[in-house]
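# Descriptive structure summary
Given next are the chains, with one letter for each unit.
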Amino acid sequence: MDDHVYQKLLKCYEAIESRIPFTPKVALVLGSGLGGFADEIEEDSEILYRDIPGFPVSTVPGHEGKFIFGHVGSVPVVCMKGRVHYYEGYDITDVVLPARLMHLMGAEILFLTNAAGGINRNFTAGDFMLIRDQISSFVPSPLIGPNPDALGERFPDMSRIYDPVLCDVIRQAAAGLDITLQEGVYLQFTGPAYESPAEVRMAGILGADAVGMSTAVEAVAARHMNMRVCGISFISNAAAGLLGPDQTLSHEEVKARADEAAPYFNALVRESIKRMGEA
Ligand code: HPA
């Protein structure tokens, strides 16, 4: 069978191989409105997504597209400033191509971040949630199609997607900074529309604490390759309907809340990555 997904990945890798300055330990994905963390990185070099042939380029305002190579403390990092989403119309295999590419760069850890709507009623807008597990059943699996055996096995285990040691690292980082850290299950819908109140109620019944439009498929692709995965959701808003019939949602609001939380988010991610040097 045609393994064009893997061939495309290799082409992307070959196009940038000579520009990768070092082997990163942590691959960090910055979510909507959270790209400001990039300024915290002691930067070595950048690769623009648009300079990589075939690489999916984001169309969403607020999602700049580039890989940044640098250090956080002494930890070598490759950071994605901007990611692509399934709702932009890309094949789901293109959505996870960047995560796969960072694995080929040598990254051991995939650190995923996103903005999400809070479903758990104990959460408030502005909270951070450590992702403990996920529901990806509402989006296509990125592993459908011929299995790229070079990356991983046909039927990968998803019993512990989020690495317990890395979860502890993030918990300790939050405690050290006096930042409250909620915990829970992230559910990915396709978007781009925000959920209806009935969909939010459904997601809650299914066990989700937060809902968003990214992350879960990347985590599945990363575990397929046996990367260690961890993630933080920034709860930018209460999910639709939770605040009553007059509640509305907008991307502007999500970005504004993310801007307000940026100093705390940046500190939490910086401290977590520093501690991942030993994890
Ligand atoms: N739903 C889905 N995605 C989101 C939300 C939401 O409420 N907030 C930020 N991203």
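Our structure's up above, just so we're on the same page.
Throughout what follows, the structure given in this document is the object of discussion. Residue positions are given per chain, counted from 1 along the sequence in the order it is written. Selection of residues for local features in this predicted model requires a pLDDT of at least 70, selection of side-chain atom pairs for listing and counting requires 80 or more, and totals for whole chains, interfaces and linings are taken over all residues. Heavy atoms throughout the structure, all of them, feed into the side-chain values; hydrogens and water do not.

### Some details on the site of the ligand
Around the ligand, the structure places A115, A116, G117, Y194, E195, V211, G212, M213, S236, N237, L249 and V254. Between the ligand and the protein, one listed contact pairs a nitrogen atom with a side-chain N or O atom of E195 at 2.8 Å. Taking N237, its side chain carries an N or O atom lying 2.7 Å from a nitrogen atom of the ligand. Out of a free accessible area of 260 Å², the ligand has 95% covered by protein chains. More than half of the atoms of the ligand fall within 2 Å of the grid points belonging to the largest pocket. Elements that contribute at least two residues to the shell around the ligand include exactly strand 5 (109-118), strand 8 (210-212) and strand 9 (228-238). Counting from the N terminus, the helices are DSSP H or I runs at least four residues long and the strands are E runs at least two residues long. Broken down by element, the residue count for the shell around the ligand peaks at three residues, all from strand 5. Residues are labelled near a given molecule or strand when at least one of their non-hydrogen atoms is within 4 Å of it. Any pair of N or O atoms that falls within 3.5 Å is considered a polar contact. Within protein, one atom must be able to donate a hydrogen and the other to accept it, and sequence-neighbouring residues count only if both atoms are side-chain atoms. Each accessible area is a Shrake-Rupley result for a 1.4 Å probe, and residues are judged covered by the shown protein chains and nothing else. Residues are said to line a cavity or pocket when one of their atoms sits within 4 Å of a point; the points come from a 1 Å grid over protein atoms alone, cavities being sets where a 1.4 Å probe fits but cannot get out and pockets being open sets with protein on both sides within 12 Å along at least five of seven lines. Think of it this way: if more than half of a molecule's atoms are within 2 Å of a pocket's grid points, that molecule is in the pocket or cavity.

### Details of a nonpolar patch on the surface
A contiguous nonpolar patch, built from F138, M202 and L206 and spanning about 240 Å² of accessible area, is present on the exposed surface. Inspection of the secondary structure puts L206 in the loop between helix 5 (197-205) and strand 8. Only residues above 30% relative accessible area that lack a salt bridge enter a patch, with like-charged residues linked at up to 9 Å and the nonpolar side chains Val, Leu, Ile, Met, Phe, Trp and Tyr linked at up to 5 Å. Between Lys or Arg on one side and Asp or Glu on the other, a salt bridge is scored when a side-chain nitrogen of the former is within 4 Å of a carboxyl oxygen of the latter.

### Points about helix 6 (residues 216-224)
Categorising residues by exposure relies on relative accessible area from a 1.4 Å probe, with only protein chains included: less than 20% of the type maximum marks a residue as buried, more than 50% marks it as exposed, and the intermediate range marks it as partly exposed. Across the nine residues that make up helix 6, a large majority, nine, are buried. Listed in full, the buried residues belonging to helix 6 are A216, V217, E218, A219, V220, A221, A222, R223 and H224. Where helix 6 ends, the next residue or the one after it, N226, has phi of about 65°, a positive value.

### Here's the deal with empty space enclosed by the protein
Grid points are joined across faces, edges and corners, and a volume is the space filled by probe spheres set on the points. This model, assessed by the stated rule, comprises two cavities of 30 Å³ or more. Considered as a void within the structure, the largest cavity measures approximately 40 Å³ in volume. Element by element, the count of residues in the lining of the largest cavity is highest for helix 3 (residues 97-104), at three residues. Grouping the constituent residues of the lining of the largest cavity by class yields seven nonpolar, no polar and two charged. Within this model, the second largest cavity holds a volume of roughly 30 Å³. Under the scheme applied, nonpolar residues are Ala, Val, Leu, Ile, Met, Phe, Trp, Tyr, Cys and Pro; charged residues are Asp, Glu, Lys and Arg; polar residues are all the others, including Gly. When grouped by side-chain class, the residues that make up the lining of the second largest cavity number five nonpolar, three polar and two charged.

### Some remarks on the pattern of salt bridges
When the charged atoms of two side chains with opposite charge come close together, those side chains can pair. Summed over the entire model, instances satisfying the criterion amount to ten salt bridges. For D163, the salt bridge is made with R228, and the minimal N-O distance between the two is 2.9 Å. With D163 in the loop between strand 6 (128-135) and helix 4 (164-177) and R228 in strand 9, the pair connects residues that are 65 residues apart, well separated along the chain. Given the relative accessible area of 14%, D163 is considered buried.

### Looking at the side chain of S272
Mapped onto the secondary structure, S272 falls in helix 7 (residues 251-276). By relative accessible area, which is 0% here, S272 ends up buried. Engagement of the side chain of S272 in a polar contact is seen with the backbone oxygen of L268, the distance being 2.7 Å.

### Concerning unusual backbone geometry
Here the bond from G191 into P192 is cis, since omega is 0°, no more than 30 degrees from zero. Looking at where P192 falls in the secondary structure, it is placed in the loop between strand 7 (181-188) and helix 5. Even without being glycine, D178 reaches a positive phi, approximately 60°. Among the residues examined, D178 registers a relative accessible area of 73% and is labelled exposed. The backbone of N226 shows a phi angle near 65°, a positive value even though the residue is not glycine. Following the sequence through the fold, N226 ends up in the loop between helix 6 and strand 9.

### A word on the pairing of strand 9
Among the eleven residues that make up strand 9, ten are buried, leaving the element largely enclosed by the rest of the structure. Pairing between strands is defined by DSSP: at least two bridges between them are needed. Relative to strand 9, strand 5 is paired through ten bridges, and the arrangement is parallel. Considered in strand 9, the bridge of T113 is made with I232. Pairing of strand 6 with strand 9, which is carried by three bridges, proceeds in the antiparallel orientation. Across the sheet, the residue bridging to F128 is F234, located in strand 9.

### Section: the layout of surface pockets
By volume, the largest pocket amounts to about 340 Å³. Forming the walls of the largest pocket are 25 residues, and the residues nearest its centre are S32, A115, Y194, M213 and H251. Broken down by secondary-structure element, the contributors of at least two residues to the lining of the largest pocket are strand 5, strand 8, strand 9 and helix 7. Among the elements that line the lining of the largest pocket, the one with the most residues is strand 5, at four residues. Across the lining of the largest pocket, the residue classes tally to twelve nonpolar, eleven polar and two charged.

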